[in-house]
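# Observations on the model geometry
What follows is each chain in one-letter form.
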Amino acid sequence: MTDSTKLKLYIETYGCQMNVSDSEIVVSILENKGYEVTEDINNADTILVNTCSIRENAEQRVWGRLDVFKQIKKKKPETIVGVIGCMAERLKEKLLEEEKIVDLVVGPDAYRDLPNLLETIESGHKAINVLLSKEETYADISPVRLDKNRISAFVSIMRGCNNMCSYCIVPYVRGGERSRDPQSIVREVEDLFAKGYKEVTLLGQNVDSYIWNKGNETVKFNQLLEMVAKVNPQLRVRFSTSHPKDMSDDVLYTMAMYNNICNHIHLPAQSGSTRVLEKMNRKYTREWYEGRINAIKKILPDCAISTDIMTGFPGETDDDHKDTLSLMEWVNYDIAYMFKYSERPKTYASRHLKDDVPNSVKSARLTEIIDLQNKLSEKSKKDDLGKTFEVLVEGVSKKSKDHLFGRNSQNKVVVFPKHNYKVGDYVFVEIVDCTSATLIGDIAV
Ligand code: SAH
Ligand code: SF4
Ligand code: F3S
């Protein structure tokens, strides 16, 4: 139902889960000021694009979208176009100067100012706020959930990053790390469960360094995880991203203690070469990383492990590349996200290290990495044949209305016959087959 008295907001989100979560905060802030979300861009009074700067091609996509918004503004000049998020923070005024159709530029820590900024624009001016904050966590704002299934939600537990990996733009566009009040996190999770949600994913760039100090009380990530897991055993808990240098056995033991904390860890390796890792300023060696994997395999034998791999970092040799391939095989990742190094302005690498791996070499290495991961992912699925998993149903299969899909604790997608089950149910499914992307099962008896 749309309300004709309300201003219409159209919002588009790029980048990581953090941005997805931020868009829900932005909508919450603007709904309180009389806006209503529309899915029809042509009907919007305000178009916001929440942007990502992690790689050059992430920004290219946004420039492409701005060209599309230009056409809309031609037809309806009163439409307000705003760029928010990481690219807004990186480019600041330049966005207003270079792209005439942009009226509004807002960085990730300035969303509370959106209503004021929009008022400024209504009086005929352009508006910008890209101040970063040491404290802002939006702890008191209840995000308006934009997901379609009403089953799983993101909950931001911290913002920013202090790590300064030499290739990474995040600390520059998101500011320093700060953790959110654990009570506000637990309240948000309780509220989600009361509304029927069955799964939460706790978000931070480095969840293992979550820390809350108040008086003489300290809450660390493993304690927060436990507090959230205790909200209800019927609520699944996931988290992302773990950092190899900080992921402690305490977190693994907490995961082992609670059935509803899912058996999946995303542990980005970036490279298998200690030499490259050092230049990346990741602060761990290959041996340390392998030690963390051994700990996961020992404490959580059924845990799925995923990773991020970056290829073609400055100075990466064929031998370094082979080290990455051998690490991937050794770990046996279930899933990997794989990228070509993209030089980002301001970062240590862009200032001190020459982007000297030719693009053709980056591409060839990326292809090898992807081919290897395809084999590993296939193997990971084949290993599941005959096993029974508890699946949380998320929706009807795209390919057949007689089948449902959901994910198991390991975060793998499982498709199975519908029977009388519905979205939000937990169902035990025995895996009988698999395709390249999914496990196929039958109801377990
Ligand atoms: N905080 C997370 C990562 C966030 S960015 C962590 O530390 O793991 C997500 C992924 O993007 C990174 O893991 C990395 O693999 C990739 N990435 C970051 N900067 C990049 C760059 N300049 N070029 C290519 N890939 C990059
Ligand atoms: Fe970027 Fe490193 Fe921080 Fe991850 S931990 S966001 S890669 S600086
Ligand atoms: Fe991109 Fe910003 Fe996330 S740069 S990856 S949207 S923190």
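These notes cover the structure that comes with them. Everything numeric here is computed off the predicted structure, so don't read it as measured data.

### Overview of the site of ligand 1
Looking at ligand 1, there are 15 residues lining it, with Gln205, Pro268, Gln270, Asp308 and Ser342 nearest. The contact in question runs from a nitrogen atom of ligand 1 to an N or O atom on the backbone of Tyr167, over 3.1 Å. Gln205 is positioned with one of its side-chain polar atoms (N or O) 2.8 Å from a nitrogen atom of ligand 1. Starting from 540 Å² of accessible surface for ligand 1 in isolation, the protein chains cover 90%. Per-class residue counts for the shell around ligand 1 are six nonpolar, four polar and five charged.

### Re the environment of Trp288
Tracing the backbone shows Trp288 in helix α11 (residues 286-299). Not counting residues within four places of it along the chain, the set of residues in contact with Trp288 comprises Pro244 and Lys245.

### Points about the sheet that holds strand β13 (residues 236-240)
One open sheet holds the three strands; their spatial order is β7-β10-β13, and the pairing between them is parallel. Each edge of the sheet is formed by a strand with only one pairing partner; in this case those strands are β7 (152-156) and β13. Adjacent strand axes in the sheet meet at a mean angle of 25°, parallel and antiparallel pairs treated alike. By the bridge criterion, five bridges tie β7 to strand β10 (residues 199-203) in an arrangement that is parallel. Along β10, the bridge assignment pairs Ser152 with Glu199. Packing of helix α1 (residues 17-31) onto the sheet brings it into contact with β7, β10 and β13, and relative to β7 it is tilted by some 90°.

### A look at the site of ligand 2
Neighbouring residues of ligand 2: Cys161, Asn163, Met164, Cys165, Tyr167, Cys168, Val170, Pro171, Gln205, His243 and Arg282. Residues that form the shell around ligand 2 fall into these classes: seven nonpolar, three polar and one charged.

### A short note on the sheet that holds strand β16 (residues 335-340)
Sheets are built from strands paired through backbone hydrogen bonds, the pairs being either parallel or antiparallel. With parallel pairing, the three strands of this open sheet are ordered in space as β14-β15-β16. Two strands bound the open sheet, and with one partner strand each, they are β14 (264-266) and β16. The average angle at which neighbouring strand axes cross in this sheet is 10°, direction not considered. In this structure, β14 lies alongside strand β15 (residues 304-311), joined through three bridges in parallel fashion. Each residue of the ladder has a partner; that of Ile265, found in β15, is Ile305.

### As for the side chain of Asp103
By secondary structure assignment, the location of Asp103 is in the loop between α4 (93-98) and β5 (104-106). Among the polar contacts listed, one links the side chain of Asp103 to the side chain of Lys73, at a separation of 2.6 Å. Of note is the side chain of Asp103, whose polar atom sits 2.8 Å from the backbone nitrogen of Val81. Once residues within four sequence positions are removed from consideration, Asp103 is found in contact with Lys73, Thr79, Ile80, Val81, Leu96, Ile121, Lys126 and Ala127.

### A few points about the environment of Ile29
Tracing the sequence through the fold places Ile29 in helix α1. Look at Ile29 and you get buried, because its relative accessible area is 9%. In contact with Ile29, not counting residues within four places along its chain, are Tyr111, Arg112, Pro115 and Ile141.

### Points about the pattern of salt bridges
Counted under the stated rule, the structure contains 36 salt bridges. The partner of Glu56 in a salt bridge is Arg344, and the shortest N-O contact between them spans 3.7 Å. With Glu56 in helix α2 (residues 56-75) and Arg344 in the loop between β16 and α13 (348-352), the pair connects residues that are 288 residues apart, well separated along the chain. The buried category is assigned to Arg344, whose relative accessible area is 1%. The salt bridge involving Asp383 is made with Lys379; its shortest N-O contact spans 3.8 Å. The exposure class assigned to Asp383 is partly exposed, which follows from its relative accessible area of 43%. The network of salt bridges with common partners includes Asp22, Asp109, Arg159, Arg174 and Arg178.

### Some words on the pairing of strand β20 (residues 426-434)
Every regular strand shows the same layout, with side chains that alternate between the two sheet faces. Note: strand β17 (residues 388-396) against β20, five bridges, orientation antiparallel. Across the sheet, residue Leu392 finds its bridge partner in β20, namely Tyr426. Note that β20 and strand β21 (residues 439-443) share five bridges and pair antiparallel. In the sheet register, Ile431 faces β21, and the bridge partner there is Gly441. Counting the residues in the hairpin turn of β20 and β21 gives four residues.

### Concerning the packing of helix α12 (residues 318-331) against helix α14 (residues 359-382)
Look at α12 against α14: their axes get within 10 Å of each other, and the N-to-C directions meet at 10°. The orientation of α12 with respect to α14, classified from their angle, is roughly parallel. α14 is crossed by α12, and the crossing has right-handed handedness. Between α12, through Asp318, His321, Thr324, Leu325, Met328 and Glu329, and α14, the contact on the second element is made entirely by Arg365, Glu368, Ile369, Leu372, Gln373 and Leu376.

### Observations concerning unusual backbone geometry
In this chain, Ser240 is followed by Thr241 through a cis amide linkage whose omega measures 10°. Mapped onto the secondary structure, Thr241 falls in the loop between β13 and α9 (249-257). One non-glycine residue with positive phi stands out, namely Asn332, at about 70°. Accessibility expressed as a relative area gives 28% for Asn332, which makes it partly exposed. Even without glycine at this site, Lys346 takes up a positive phi of about 85°. Here Lys346 shows up in the loop between β16 and α13. Judged by relative accessible area, Lys346 falls into the exposed class, the value being 51%.

Rules behind the numbers
- Residues numbered from 1 in each chain as written.
- Chains lettered and ligands numbered in written order.
- Predicted model: local features only at pLDDT ≥ 70, side-chain atom pairs only at ≥ 80, totals over all residues.
- Heavy atoms only, no water.
- Near = heavy atom within 4 Å.
- Polar contact = N/O pair within 3.5 Å; in protein donor to acceptor, adjacent residues only side chain to side chain.
- Areas by Shrake-Rupley, 256 points an atom, 1.4 Å probe, with all protein chains shown as cover.
- Nonpolar A, V, L, I, M, F, W, Y, C, P; charged D, E, K, R; others polar.
- Helix = DSSP H or I, 4+ residues; strand = E, 2+ residues; numbered from the N terminus.
- Contact = heavy atoms within 4.5 Å.
- Pairing = 2+ DSSP bridges.
- Axes fitted to C-alpha atoms, helices over the stretch in contact; angles between N-to-C directions.
- Buried < 20%, exposed > 50% of the residue type's maximum accessible area, 1.4 Å probe, protein only.
- Salt bridge = Lys/Arg side-chain N within 4 Å of Asp/Glu carboxyl O.
- Parallel < 35°, antiparallel > 145°, perpendicular 65-115°, else oblique.
- Left-handed = near helix turned anticlockwise from the far one by under 90°.

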